[in-house]
8 protein chains.
Amino acid sequence: MPILPPDTGFADLGFACVDTARAARTGDPEVVFAQGKRPHEVVAILRRLAEAHPDRAVLATRCQEEAVLACADSLGDRATIDRVAGTVVVGPLPAPVGRVAVVAAGTSDLDVARECLTTVRVHGAGADLVSDVGIAGLHRLLARLDDIRAADVVVAVAGMEGALPSVLGGLVATPLIALPTSVGYGLSMDGLTALLAMLNSCSPGATVVNVDNGYGAGVAAARIARTVGALRAAAQIAPPAHG
Amino acid sequence: MPILPPDTGFADLGFACVDTARAARTGDPEVVFAQGKRPHEVVAILRRLAEAHPDRAVLATRCQEEAVLACADSLGDRATIDRVAGTVVVGPLPAPVGRVAVVAAGTSDLDVARECLTTVRVHGAGADLVSDVGIAGLHRLLARLDDIRAADVVVAVAGMEGALPSVLGGLVATPLIALPTSVGYGLSMDGLTALLAMLNSCSPGATVVNVDNGYGAGVAAARIARTVGALRAAAQIAPPAHG
Amino acid sequence: MPILPPDTGFADLGFACVDTARAARTGDPEVVFAQGKRPHEVVAILRRLAEAHPDRAVLATRCQEEAVLACADSLGDRATIDRVAGTVVVGPLPAPVGRVAVVAAGTSDLDVARECLTTVRVHGAGADLVSDVGIAGLHRLLARLDDIRAADVVVAVAGMEGALPSVLGGLVATPLIALPTSVGYGLSMDGLTALLAMLNSCSPGATVVNVDNGYGAGVAAARIARTVGALRAAAQIAPPAHG
Amino acid sequence: MPILPPDTGFADLGFACVDTARAARTGDPEVVFAQGKRPHEVVAILRRLAEAHPDRAVLATRCQEEAVLACADSLGDRATIDRVAGTVVVGPLPAPVGRVAVVAAGTSDLDVARECLTTVRVHGAGADLVSDVGIAGLHRLLARLDDIRAADVVVAVAGMEGALPSVLGGLVATPLIALPTSVGYGLSMDGLTALLAMLNSCSPGATVVNVDNGYGAGVAAARIARTVGALRAAAQIAPPAHG
Amino acid sequence: MPILPPDTGFADLGFACVDTARAARTGDPEVVFAQGKRPHEVVAILRRLAEAHPDRAVLATRCQEEAVLACADSLGDRATIDRVAGTVVVGPLPAPVGRVAVVAAGTSDLDVARECLTTVRVHGAGADLVSDVGIAGLHRLLARLDDIRAADVVVAVAGMEGALPSVLGGLVATPLIALPTSVGYGLSMDGLTALLAMLNSCSPGATVVNVDNGYGAGVAAARIARTVGALRAAAQIAPPAHG
Amino acid sequence: MPILPPDTGFADLGFACVDTARAARTGDPEVVFAQGKRPHEVVAILRRLAEAHPDRAVLATRCQEEAVLACADSLGDRATIDRVAGTVVVGPLPAPVGRVAVVAAGTSDLDVARECLTTVRVHGAGADLVSDVGIAGLHRLLARLDDIRAADVVVAVAGMEGALPSVLGGLVATPLIALPTSVGYGLSMDGLTALLAMLNSCSPGATVVNVDNGYGAGVAAARIARTVGALRAAAQIAPPAHG
Amino acid sequence: MPILPPDTGFADLGFACVDTARAARTGDPEVVFAQGKRPHEVVAILRRLAEAHPDRAVLATRCQEEAVLACADSLGDRATIDRVAGTVVVGPLPAPVGRVAVVAAGTSDLDVARECLTTVRVHGAGADLVSDVGIAGLHRLLARLDDIRAADVVVAVAGMEGALPSVLGGLVATPLIALPTSVGYGLSMDGLTALLAMLNSCSPGATVVNVDNGYGAGVAAARIARTVGALRAAAQIAPPAHG
Amino acid sequence: MPILPPDTGFADLGFACVDTARAARTGDPEVVFAQGKRPHEVVAILRRLAEAHPDRAVLATRCQEEAVLACADSLGDRATIDRVAGTVVVGPLPAPVGRVAVVAAGTSDLDVARECLTTVRVHGAGADLVSDVGIAGLHRLLARLDDIRAADVVVAVAGMEGALPSVLGGLVATPLIALPTSVGYGLSMDGLTALLAMLNSCSPGATVVNVDNGYGAGVAAARIARTVGALRAAAQIAPPAHG
């Protein structure tokens, strides 16, 4: 039974073309988007990327149960796995430069928030999680404001009505990235409600990423925090006190 | 040039069928929805309704500039006109029973908020406006909380991301009606964003009306407040102190 | 195989942060939204909430088959389970104050209607179900009108074209909450049709909650009914006769 | 200043191609859809159609103010004009065969209802209007049921939540055509709400036409009524008693 | 483990309320919508309906594999089953009065077309299927035109771009019901494309039912065909010759 | 009153940057999209483009009444204006190579069809219009089939249900471009219906452009026809006989 | 247990009507759309088509795992199977006339791109794949431009933001077909984003097919390439040099 | 004719409540959103804000023709007006700290791009415009890359298919804000296409603001650039060389 000839021109691993030169071009290694890939494929790509970048972490996102198990079996202690977030990290994290606060409205937003946290760390900035501070109980948010204000960048994660970035935008002057999640029920429209709310925020200054895109928010936040952190160090200015 | 014969069977005023018996059936007179009617028609219907209800106020909503002017010319001192809200009231307001707090996020929401205020008053409850307390400046909202908690029903009016009801829902235990407005720009989708946000609120207990429907929110709020106020009076319980 | 360190700060039960102080803040205990949680998690959270509130009922909603079985196994006679509604109640219901009529259009709406009934009861008001009174057979609805009018609040539950609240709104003067369901086929759009119909009702005075949100309608209805019922008792007025 | 040569091949009147042979092919003359045409064009096409069909009525729909005035000026007594519906009829109506009841929910639906009425009559059936029988006041609808049941076809016209056909479908066994209108405010979505509600009706047996398409409903209703009426006459059966 | 008490008031069969009196009220027995019901429930309701209507057929629609098998096991020869359509009929079909032509564009539309065919027959009219006459091969449609024109009502069934009713509308003068199906791929939007195309048809006179609603189209078609067929018999007019 | 300094860097004409080198890069001159530009701006850009391309035609599309008049006044005989299409052409058309048939369903589609015709001619191919051949009267389309089959490319223009390309796709083997228009009423959704229908056509082989985009269809068609026509000439093959 | 009689009139294989005469009518054999068909049905239809067309390839698309296995088992060496694309080809490919370049943005777009490649080849043109040239790394695309420009038609395949056709449209003058895929995450809307982006491209000249419709793009591309290739051969012009 | 009493509580200027204390709270003065305000209102609010902030610029956005004229008349040389952008600035701009590159795809995007430029400058950062570098002509964009890379933040402005940020994201490592505009025609959906494309970009690291929201993008960009610029100065690092 013949198969179509491999005329595609990119056959490193047979099933995928691993771009081992991306760090040289853009400063950061390629990241594996595991959704839709088979477990052994995720393991093989991670291995190849880790060989190409022995001195810094490489990342796979959106790993579901089987992929997580395959990574645990095959990569052992070399892999740092977060089951909630679906992330697998292989190799040592870079020393953090600058800090990002990832502020999540509810416990249901944690998978997305943790994908963001790990992405920030793999991309070279520090990251802290401030969780369960949704706007239905403002006292919780107000109690954590000093921690949040101490960051160089804030990522506000929320589903349902997506109002957290609007409230935060009136309380902090830090660069603010709004990360909508698909958490909700009834006619929540898979995160469209939160996305639209964030795009229409009455607090100016926030920017938005796609629904559940913790990876995208993490890359954007790390880019800003790294620059600010490096300049602060060069200027010998201490970072804001940490709550 | 012949016109089709009047075979419609409802020709009180030629152009409309005024239901002068509605108060007897439902407790409240018919209300004139002026949008799409010509100025002289609005005046004529209001006149006929006022004749049928000499002892209590009748209401027209969604009156645009020409209709407002026609009412001012024709009805004179008998009409109480609110240009911002587009409402015209003819006749004395009922004595207020119970109180509704109408809480508006921004000055752009005032036209809808005022339509709601007037509707509440015409339907027999008291109504106070708490304005310009959007969530981008929480201190303004917190400063007015005592006033808001003193009401029997709260109507929360907001456009853009529509987050005010969610924040209020975490702060008050009063029945809460969320009133989305079409205020916004960019892809605000004519109020759909605020409506969806309110339907997906993480604060349980709020109910929602249609976009810009200050009239509907007012009728619903007045029904609850009248009942509560009348029972409180019967029980000889003082209302909550007013801020 | 290392896991990310527990830097989240909310780890009561490892997988969730149970808010045992909510009743002190808002008057009602936290409710468990079971959808997306694993069966043993639902059981554990219910247990912890029941310990914190020994003298009144705590509630889990959206429990699917496995969660229901786990609750039946682990909680035994202490749990009152409604398989149709997906609710689990642990502990004694409060004495009912005020009454809510939950009026459902068809038998397919029963799961949502029953979630609403149980929520009302857990939140301290009485609740009666009037079922199978859809508008395709008006005689059934008219035959039950006295029962419906005897309530302090009416919740109208309907899917498909969602017309029940409009018809009821023309027949009763009671506060009316419209609860759309996702029941339908063809292009019913997961309840959007019923939701839009209810928001556009020609009968003023109804307010609306999100699709299938029996819980939200129940909380809103209970808040109004409790207030009215308590005042009626204080005023020593008998409730309307019950059909 | 040269204009592109008339290479289009259809230049009867310069600006339009009048199909004067349609009645021969389909049994009914072409109808002028005036929206987007200039007043003198509407007049000219009507004239040409009337010449081609001297013994029966021809119709223009969607005539706005200027087109109506131009027809009145130019066609004088030969034209029967309905300003509310935007219709102009030239020539004698056919003798009616069979009867259609056009049942409209509110006075705002009258323009669409009247377009339907006139279309039915021009297409050879009789038509009666039953108006202002929206479901917010069921007694009005029940009072007119005998009239409605006496028709061969019922057209139910409604905007807002579009529930009239569902209620009627439970009360009559006659063929039923649902005609949604764009009447509404807030997020009524230009008639989409009414259209979806009618498509999702819980009363089987109704069929639906496009929003505000009084013309389409009229043609469909007339086709059925003409057939039924002609057969009834042939069978020498009296039509149902007329209310 | 206690269950909520059966306070619902409609418990004929425990899980459903069978309306055995509907035929007396509306002329046709209740129809079982099997989707979402368990197989033994479908069997039990069908049995009860068949007992109540010993002399005419009763119908279940949307029966999936398990329900079909349960009906075959339990009802044996009394049941006529159409696996493609998902219909089960118990009892003798009425003698057909009038005829409906169900015209389907493609073989993928057959399940919906057959649901329609069986519904027509159970509701007392005759029904013929004309299949695989989609507009991509007009010669097939033209070859069957005489058959189609011989019917009293035409139902045009099509998915994808939904153009069949528009083409048929230009070829026949018979009452025409357009039945969109969810057949399609790419961005077909679950039948929305076909539905919108049919609502916007340039051929006047067609009416539309919801996506995949063969049942609704069948009821509507049977109502018209029965009336026309009965009158034709009374007038002693032969039906059009059958191709 | 100071204006912001001209720091934009593209100020050829003050209000626009005319790209006079595009023909050198892509083979065709820049085209002026007049919508949203002021009349004198359209004239000025056309003048400048015509100076840069003295030996071949330059084009402006979407010219509204004022822009057309300004062009007529300023450019005189040098401009060929099509008021229906909103196009202005300055300079001699290229000699046509290859032929495009633009087939329009109705007279309302003529503005878009003519924009397409002129675009084809300005881009160097021949173009013929076949108009008023909508599918509601198939005989008209069948009568013109020989003309249509004689073209190298067919553009099928239709609004409303957009079925013309599906019918044509079953009748011709020529490359086929489907051009949806926003013609329609009721819930036609500004051409979305026609666009979706064309994307979901059951006749394979058609490709689609955006709603009302006669310009885009014209460029695509001309590219194909020019290539085919030039090769046919080189091969000394006669084009298909012209109807 | 009786089954409805086979009154459908098209029963070649019992479950499907194979059109073995299509190649005679349209130049190409019928293609099997396997999605929704059972594995043995796909095999049987392919067999019958192959018998009718012994001298050229026949094609099945959208074959899922089970269908692929069934074809491998039953058809053996006669079938050429592409698991990634879900295509099965039986019989010898026609000699290629003209060439199509299928340019895919990412590895996730390969299944759709390969369906297109195989469709082109089965329909008689040559096809080359240029893959992994998404716009996030322009150097990859620029490096392959000569290959792309050497084709007679270009098909640009992309998901996510769908920008590849716009970039290509500015770089090549070849006829360009844009093929959007459903690849994406977050609010990608199942390919709607890519489809809309391609319809709104600022590079004129591209046409678009439905989401994931590699088959449709392939048929359209092959029709153009065959014509161009045949004429080039007739004119004895060498094709452009192949990169 | 009585007007409702001024019970709103915020009547500084009668028609609006000017928040003159915002700069003290958030670092930047309130900005006037002129859309929907009357010309004299815009002038009065600007005056009041300028009085409160004599030493730095205050801003009005979305000023239409009449408001621009009123500002020119009343504020004279004190106002810097940009008619294209609809902005009015009163008072001296702050000394710029850090630099923002605003990169616009086409001349039609200039109004939005200029609103962004002015907002950046009023909020204390430097801003340069790089215009007319849309992706249909990549050479223009590549020629300006050094200028773009020299900025601390890049804002990419594009309508239609919104692909510019994706292309830029593969070329620069700077923080990148994507600003979609409503520029487009056909089914561009008022900027939704560009917004969705930007949210689904295959180039990680970009964040997005609402359609046409040059103001929001400007505030976000200025916040980042000010921080980076100030730290760079403190560290005595020269900014990147300016192209």
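About the criteria used
- Residues numbered from 1 in each chain as written.
- Chains lettered and ligands numbered in written order.
- Predicted model: local features only at pLDDT ≥ 70, side-chain atom pairs only at ≥ 80, totals over all residues.
- Heavy atoms only, no water.
- Buried < 20%, exposed > 50% of the residue type's maximum accessible area, 1.4 Å probe, protein only.
- Helix = DSSP H or I, 4+ residues; strand = E, 2+ residues; numbered from the N terminus.
- Pairing = 2+ DSSP bridges.
- Right-handed = clockwise from strand over helix to strand, strands pointing away.
- Contact = heavy atoms within 4.5 Å.
- Axes fitted to C-alpha atoms, helices over the stretch in contact; angles between N-to-C directions.
- Parallel < 35°, antiparallel > 145°, perpendicular 65-115°, else oblique.
- Left-handed = near helix turned anticlockwise from the far one by under 90°.
- Nonpolar A, V, L, I, M, F, W, Y, C, P; charged D, E, K, R; others polar.

Novice: An account of the pairing of strand β7 (residues 153–158) of chain B is requested, with residue identities and associated values reported.
Specialist: Residue and element names in this part refer to chain B. The buried fraction of β7 amounts to six of the six residues, a majority that puts the element mostly inside the structure. With burial as the criterion, each face of β7 is covered, one bearing Val 153, Val 155 and Val 157 and the other bearing Val 154, Ala 156 and Ala 158. Sheet topology places strand β5 (residues 99–104) next to β7; five bridges connect them, and they run parallel. Looking across to β7, one finds that Ala 104 is bridged to Val 157. Here β7 pairs with strand β8 (residues 176–180) via five bridges, running parallel. Residue pairing in the sheet places Val 155 in a bridge with Ile 177 of β8. Remark: the β7/helix α7 (residues 164–169)/β8 crossover connection has right-handed handedness.

Novice: If you had to explain the environment of Val 167 of chain G to someone new, which residues and values would you point to?
Specialist: In this fold, Val 167 of chain G is placed in helix α7 (residues 164–169). Residue Val 167 of chain G is classed as buried on the basis of its relative accessible area of 0%. Sequence separation between Val 167 of chain G and Ser 203 of chain G is 36 residues; the distance between their C-alpha atoms is 7.6 Å. Ignoring sequence-local partners within four residues, the contact set of Val 167 of chain G consists of Ile 135, Leu 138 and Leu 141 of chain G together with Ile 135, Leu 138 and Val 167 of chain H.

Novice: Provide a residue-level description of the sheet that holds strand β2 (residues 58–61) of chain A, including the pertinent values.
Specialist: Residue and element names in this part refer to chain A. If you walk across this open sheet you meet the four strands as β1-β2-β4-β3, and the pairing is mixed. Both edges of this open sheet fall to β1 (32–33) and β3 (79–82), since each of them pairs with a single strand only. Its contacts with the sheet place helix α2 (residues 39–52) against β1, β2 and β4 (87–90), and it is angled at close to 160° to β2. Contacting β3 and β4, helix α3 (residues 65–75) crosses the sheet at an angle of about 160° to β3.

Novice: Report on the packing of helix α9 (residues 214–234) of chain D against helix α9 (residues 214–234) of chain E, specifying residues and quantitative values.
Specialist: The relative placement of two packed helices is expressed as an angle between their axes plus a distance between the axes. Where α9 of chain D contacts α9 of chain E, the axes come no closer than 8 Å and their chain directions differ by 25°. If you check the angle between α9 of chain D and α9 of chain E, you find them roughly parallel. The way α9 of chain D lies across α9 of chain E gives a crossing that is left-handed. For the pair α9 of chain D and α9 of chain E, contact is made by Ile 224, Thr 227, Val 228, Leu 231 and Arg 232 of chain D and by Ile 224, Thr 227, Val 228, Leu 231 and Arg 232 of chain E, respectively. Of the residues that constitute the contact of α9 of chain D with α9 of chain E, the class distribution is six nonpolar, two polar and two charged.

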